Structure formats: structure tokens, C-alpha cells
Amino acid sequence: MNSVVTGAMSNADPMGIRHVKVLDTTLRDGEQSSGASMDATEKISIARELLRLNVDIIEAGFPASSPGDFDSVVQVATLVGDKAVVCALTRAVAGDIEAAAAALAAAERPRIQTGLGLSPTHLRYKLQLSEDNALDHAVKAVKEARRYCADVQFYAEDAGRAERSYLCKVLKAVIAAGATTVNVPDTTGALLPNQYGELISYLLTHVEGIADVTLAAHAHNDLGLATAASLAAVAAGAGQVEATINGIGERAGNAALEEIVVALALHGAEIGVCTQIKLDELTRASRLVAQITGIAVPANKAIVGAGAFAHSSGIHQDGVLKQRSTYEIIDPKTVGAGASSIVLTARSGRAALRHRLEQLGYAVDSAVFKQIHRRFKQIADKKSQVYDEDLEALMAEYDRGLEAIWKLKILQVSCGSPLIATATVVLTGPDGNDVTTCVSGTGPIDATFKAIDALITRSYEQNGEQYGEQNGRLTVDLFRYAVSAITRGSDALGEVSVQLVDEQGRIFSGRGADGDIIVSSAKAYLNALNRVLRAAVA
Ligand code: MN
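Residues numbered from 1 in each chain as written. Predicted model: local features only at pLDDT ≥ 70, side-chain atom pairs only at ≥ 80, totals over all residues. Heavy atoms only, no water.

S.K.: So what about the overall build of the protein chain? Which residues, and what values?
M.R.: A count of helical and extended segments in the protein chain gives 17 helices and 18 strands. C-alpha atoms of the protein chain, sized along the principal axes, occupy 95 × 55 × 45 Å. Across the 538 residues that make up the protein chain, the buried fraction comes to 51%. Considering only contacts in the protein chain between residues 6 or more positions apart, those separated by 24 or more positions represent 66%. A total of about 24200 Å² of accessible surface is found on the protein chain, and carbon and sulfur atoms cover 52% of it. The average position of the 51 basic charges and that of the 62 acidic charges among the side chains of the protein chain differ by 4 Å. (Helix = DSSP H or I, 4+ residues; strand = E, 2+ residues; numbered from the N terminus. Buried < 20%, exposed > 50% of the residue type's maximum accessible area, 1.4 Å probe, protein only. Contact = heavy atoms within 4.5 Å. Areas by Shrake-Rupley, 256 points an atom, 1.4 Å probe, with all protein chains shown as cover. Lys, Arg positive; Asp, Glu negative; His and termini not counted. Charge placed at Lys NZ, Arg CZ, Asp CG, Glu CD.)

See below:
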């Protein structure tokens, strides 16, 4: 239990720990979410991310469903090579199986997944098949798939509501017919986690031949229990778990891959299992899938929600700033989510405000801090959240006395197509003298920023002594650049805000406004650099 308390997570595979395979079905079951259809190019970029995540099996699509889907399976199979198993879905129909085999021709590790509904509801209303006929179809389909492919997965659709002895009979028959994985989905998300776990245990002890194949769990989220059900199935002995990124899928969705694998990273040792998923890719995968499908991730979504590592109440903020694990069981960095965030609201305390101001590059002495805190409370009472921009504006009221170290005197830019973007910049330095340079770049902003960097760096190299202790080395990266119009129309005043980050992770913001956004950009950049230099003196 120690690992849970400290938030340390591991996907290591020490002796005696069972490796659970992860089948990602974002491209197949996930695509069945309403409005989530993706074209081949989009599927390829998701497949590329799934490889970085190191999933064992990528279910790429349902080739018989449309020429477009066929083509995406071909492209995913070509991309993946031997890095993962590529699976294609079929109904228990010869034509589907043939199409899947053709689409998987380029796959180095192909898998055909075939099957049919086995619950009384599915048999009677959807398939209109007797139990015996359905059994025949299942066996025939598996044998047909084995003609093309040594790796065949059989799915017993709606297994969660199927009659047990009949389910066992079908599974035994398909295993004998050559299925190498048997998937028992709770297609309708009907079962409680303990019931799904119990079904897995039952099948493992009652189906002849099951020890020689992989038993797969596939849960749906109709009761909000898909992750819990998947974990119960894994704990009961399932050797494969099926899920989608962000839990997208039919109706309330599939089980969310990120939730399952992080829960297993935290608790896997207790139940004796691990996965091979690269956890620090989870945030990137989530964002990519949300962006491509247009299905936004709720802020409070576990692991990948925008607020999953955000702390709002003063008590929580104070705790997290003192020791992250007081209110976090997962270090956001392990899932690729950057740092925990402190959301500033009316409930935030002094510790959180001071921390954020320091991150923004303001060194505030205690006398001024009292006044700033009072102003902050006034703003926070009017707004649900106080953003960096609000703090910048607030600090500007106190910042006026501070002279800019470097000032922009002249900016002249030439750019266009075909033209090499070039910026000529004249700055007035701390000693009152002007310095000039001309630099080219990939665009007007790039050329301008490079010219400013070059001037400041060169001046400190030549006149460092005169400028005192200041360190002119600009070891900062541009972290954020945003333009917004503050008035209407094409003659609007454009405001640019930039954030620079230094080697210690400190953020320095700068703002600039002008009718010309290149000038706004130069002002903003210089404003932020002046803060960097001031912090170096402080
Ligand atoms: Mn499904």
C-alpha cells in the first residue's frame, strides 16, 4: 500500500507479476461514438500515438463496414509493422472475414476478431437464431478466420447477459475450433463490477480449454462502472483488457484506457498484474483523441481532465504547496500532465497567491504583498477564477515604478512571399545608448525576437561590467505566445502576451499593445525579458 500513499507508480514486471494485455479499440468501438467518425489520416495519427503508448493490440476498424474503414485498416496495418498486433472486427459472416483478411494483408501481426451476440435478447430479436444455430455460426466463423490468420479472437457479444451454461458451451467449441483469445464483453454495461469479476472466475474454472487461450474483458460505461468492472475482471484473471482513450464509444462509452492502466500502476502489485503502457503518453493521447473526434474531455475526468490535478480551496492549496501528496495520489508528471495547478479563486489563500506571483516572476516584499492580497480578494470576489492575465494587470498597478531596462526605439520589418523576413531593431539600453542590428528569421515575429535576443546578448557580452551584476545570458524559452484583439475591426489594437520560461521553470510574462501586432509582439517580448533580467539582479 506504500506506493499508493507516495504516488510512486510502476509498470515494472517483477517476478510473479502477470502481464495483462491491453487492446485499444478507440479506432473501432470508440469511432462508434456518435459524431466521432474519423478519416484515414486521423486514424493514422491516433495509431501512431497508440504505438507510443505501447498498447499490445490495436483494433483498427471493421473493414467490411465501408471502403473507407477498409482503407484505414490497411493504412494502420502498414504503419504498425511488428510493433503491435493489429486487429480487425468482423461479424460471423464469411464476407466480413474475407474483407478483414484482405485489409490485414500488410500487417505483420494480424488478428481477426469475429463473433456474434449470445444473450437471449440478441439471439431472439437481433439474430433470430436458435442457440444451436448460433453455436454453428460461431464455430464456422472461427474456422473460416483461422484459414487466413493464426491469431483469432472470438467475441461473445452481450456475454454479460448470456445464459451461463450456453456461454460455456460456445466458448469451449470456439476454442476447439481454433480461437486463441475469447472476449466476453459486457456490451450493454449491465453488470456490477463484482458480477463481471465473478463471471470471469466462473468461465476460467468451467470452460474446457480456457487455460490455453487468453480471456478478454470488454466493459461499457452505461452505469459509470466500466473501469471498476474492467479492474474486477483483471483481478479475477482476465488476461486482456479492452478500452478506449477518454472512454469514448457507443452510448455512455467504453472503459477508459487511461483510468484502467493508472489504477493498475497504483494497485497492480496488490493484485499481481501489470501492463506495458507508457503512462507519460496518456495526456498527449487524450488530447489528440479529443481534438480529432471533437468529443471534449470533461474537466473533472479522472487522469486526463483539465482539472484532474487542479486545486482550488485554500486549505487544499496550502497542503499541496507544502507537500504534493497531501491531496494527490498521482504525480501529474507520471501521466504526462505537467505540474499540479493551483487555481486561484476567492477561496485561495496567501500561500497560493504568493506562489503564483513568484512563478510569474514577481518578487513581492511582505508590505506590498498585503495590499496585493487585498486587491486580489476584491477581484476574486467578482470572478470565478483569477487568471495569470488578471494578476499581470493587478501587478501592473505596483510595477509602474520599475523602469524598463531595455526599451524599444525603432522596429522595421520586411516580410512577404517570396521575401526573407527581416527585422531591423534599435533598442535603448540601460546606459542610455542605442544599439542596432538586423536579423532574418522564418517570419516577422521570429526575426524580431531573434534581433532583440541578439542585441541584448551582444551588449552584455561587450559591456557586462558596466551593467553591474546582471547576467545577460538569456537562457529562456518562449513558452506561450497569444494575440488578442482588444478593439473591433481590422484596425483593432492588438494585444500580445508572451510567457518565457527559464531553466528553473520560472515563468516570466510580458504584454504589449499596439495597432501593429509585430510591434505589440516586440513590446511584449521585451517586457518579459526585462522581467527576466530584473529577476537575475534580484
Ligand atoms: Mn463494445
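S.K.: Give me the packing of aromatic side chains: which residues, what numbers.
M.R.: This model, assessed by the stated rule, comprises three aromatic pairs. On the numbers, 6.2 Å between centres and 70° between planes, the contact of Phe449 with Tyr481 is edge-to-face. Residue Phe449 is located in helix 16 (residues 444-463), and its partner Tyr481 is located in strand 16 (residues 476-485); the two are separated by 32 residues in the primary sequence. Overall, the relative accessible area of 7% leaves Phe449 in the buried class. Members of the aromatic cluster, joined through ring pairs, are Phe449, Tyr481 and Tyr525. If you follow Arg147 out to its NZ or CZ, it ends over the ring of Tyr148, 5.4 Å from the centre. Across the ring face of Tyr202, the terminal group of Arg164 is positioned such that the distance to the ring centre comes to 4.7 Å. (Phe/Tyr/Trp six-rings, centres within 6.5 Å; stacked < 30°, edge-to-face > 60°. Lys NZ or Arg CZ within 6 Å of the ring centre and 35° of its normal.)

S.K.: Would you mind going over the coordination of the manganese ion in detail, with residue names and values included?
M.R.: Within the protein, Asp29 (OD), His218 (NE2) and His220 (NE2) serve as the donor atoms for the manganese ion, at 1.9 to 2.3 Å. Site description for the manganese ion: donor spacing in sequence, D-x188-H-x1-H. (Donors = N, O, S within 2.8 Å, 3.2 Å for Na, K, Ca; no water.)

S.K.: Describe the sheet that holds strand 5 (residues 110-117), listing the residues and the values that go with them.
M.R.: Sheet architecture is closed into a barrel: eight strands sit in the order 2-3-4-5-6-7-8-9, paired in parallel fashion. Averaged over neighbouring strand pairs, the angle between their axes works out to 25° when direction is ignored. The sheet contact formed by strand 5 and strand 6 (residues 152-157) spans six bridges and is parallel. Bridge pairing in strand 6 places Thr114 opposite Phe154. Contacting strand 5 and strand 6, helix 5 (residues 120-127) crosses the sheet at an angle of about 85° to strand 5. Sitting on the sheet, helix 6 (residues 131-148) is in contact with strand 5 and strand 6, with an inclination near 170° to strand 5. (Pairing = 2+ DSSP bridges. Axes fitted to C-alpha atoms, helices over the stretch in contact; angles between N-to-C directions.)

S.K.: Mind laying out helix 12 (residues 314-322), listing which residues take part and the relevant values?
M.R.: When helix 12 is considered as a whole, its buried residues turn out to be Gly314, Gln317, Gly319 and Val320. Packed against the buried residues of helix 12 are strand 11 (310-311), strand 12 (341-342) and helix 13 (350-359).

S.K.: Any details on a nonpolar patch on the surface? Residues and values, ideally.
M.R.: A cluster of nonpolar side chains, contributed by Leu478, Tyr481, Val483 and Ile517, occupies part of the molecular surface with about 310 Å² of accessible area. The element contributing the most residues to the nonpolar patch is strand 16, with three residues. Tracing the sequence through the fold places Val483 in strand 16. Classification of Val483 by relative accessible area gives partly exposed; the value is 41%. (Patch = residues over 30% accessible without salt bridge, like charges linked within 9 Å, V, L, I, M, F, W, Y side chains within 5 Å. Salt bridge = Lys/Arg side-chain N within 4 Å of Asp/Glu carboxyl O.)

S.K.: Can you explain the state of the cysteines? Please cite residues and give values.
M.R.: This structure, assessed with the given rule, holds zero disulfides. With no disulfide of its own, Cys438 lies closest to Cys415 among cysteine sulfurs, the gap being 13 Å. (Disulfide = S-S within 2.5 Å.)

S.K.: Lay out the domain arrangement of the protein chain in plain terms, naming residues and giving numbers.
M.R.: Where interface size is quoted, it is often the accessible area lost as the parts come together. Domain assignment breaks the protein chain into domain 1 (19-293), domain 2 (310-386) and domain 3 (402-537). Taken together, the five residues of domain 2 in the interface contact six residues of domain 3. Approximately 450 Å² of surface area, both sides summed, lies buried where domain 2 meets domain 3, with 44% of it carried by carbon and sulfur atoms. Seen at the junction of domain 2 and domain 3, the total is zero salt bridges. Our count for the domain 2 to domain 3 interface comes out at zero residue pairs in polar contact (both at pLDDT 80 or more). The class makeup of the residues in the side of domain 2 that touches domain 3 is two nonpolar, two polar and one charged. (Domains from an automatic or database assignment. Buried area = accessible area lost by both parts, 1.4 Å probe. Polar contact = N/O pair within 3.5 Å; in protein donor to acceptor, adjacent residues only side chain to side chain. Nonpolar A, V, L, I, M, F, W, Y, C, P; charged D, E, K, R; others polar.)

S.K.: Quick rundown of the nonpolar core? Include the residues and the values.
M.R.: With 96 residues, the main nonpolar core has Phe154, Val182 and Leu282 as its most contacted residues. Among residues more than four places away in sequence, those in contact with Val182 are Phe154, Leu171, Val174, Ile175, Ile210, Val213, Thr214, Leu215 and Ala216. Within the second largest apolar cluster, 32 residues are counted, among which are Trp406, Ala423, Ile452 and Ile518. (Core = buried A, V, L, I, M, F, W, Y, C linked by side-chain atoms within 4.5 Å.)

S.K.: Any chance you could break down the pattern of salt bridges for me, citing the residues and the numbers?
M.R.: Under the criterion given, the structure shown has 23 salt bridges. Put simply, Glu157 and Lys126 hold a salt bridge, and the shortest N to O gap is 2.9 Å. Of this pair, Glu157 sits in strand 6 while Lys126 sits in helix 5, and the two are 31 residues apart along the sequence. Accessibility expressed as a relative area gives 47% for Lys126, which makes it partly exposed.

S.K.: How would you summarise the environment of Ala524 if you had to cite specific residues and measurements?
M.R.: Within the fold, Ala524 resides in helix 17 (residues 517-537). Spatially, the C-alpha atom of Ala524 lies 7.7 Å from that of Ala513, the residues being 11 residues apart in sequence. When near neighbours in sequence (up to four residues on either side) are disregarded, Ala524 contacts Val496, Val498, Gly510, Arg511 and Gly512.

S.K.: Talk me through a negative patch on the surface; I want residue IDs and the actual numbers.
M.R.: Among the surface-exposed residues, Glu131, Asp132, Asp136 and Glu163 lie close enough to one another that they form a single negatively charged patch. Within the fold, Asp132 resides in helix 6.

S.K.: Please set out the sheet that holds strand 14 (residues 421-428) residue by residue, giving values where relevant.
M.R.: The three strands are arranged 13-14-15 in an open sheet whose pairing can be described as antiparallel. Of all the strands in the sheet, just strand 13 (407-414) and strand 15 (434-441) have a single pairing partner and so form its edges. Here the strands of the sheet are splayed against their neighbours by 15° on average, with no regard to which way each runs. Where strand 14 and strand 15 come together, eight bridges link them in antiparallel fashion. Residue Thr424 lies in a different strand from strand 15, and its bridge partner there is Cys438. Helix-sheet contacts for helix 16 involve strand 13, strand 14 and strand 15, and the interaxial angle to strand 15 is about 140°.

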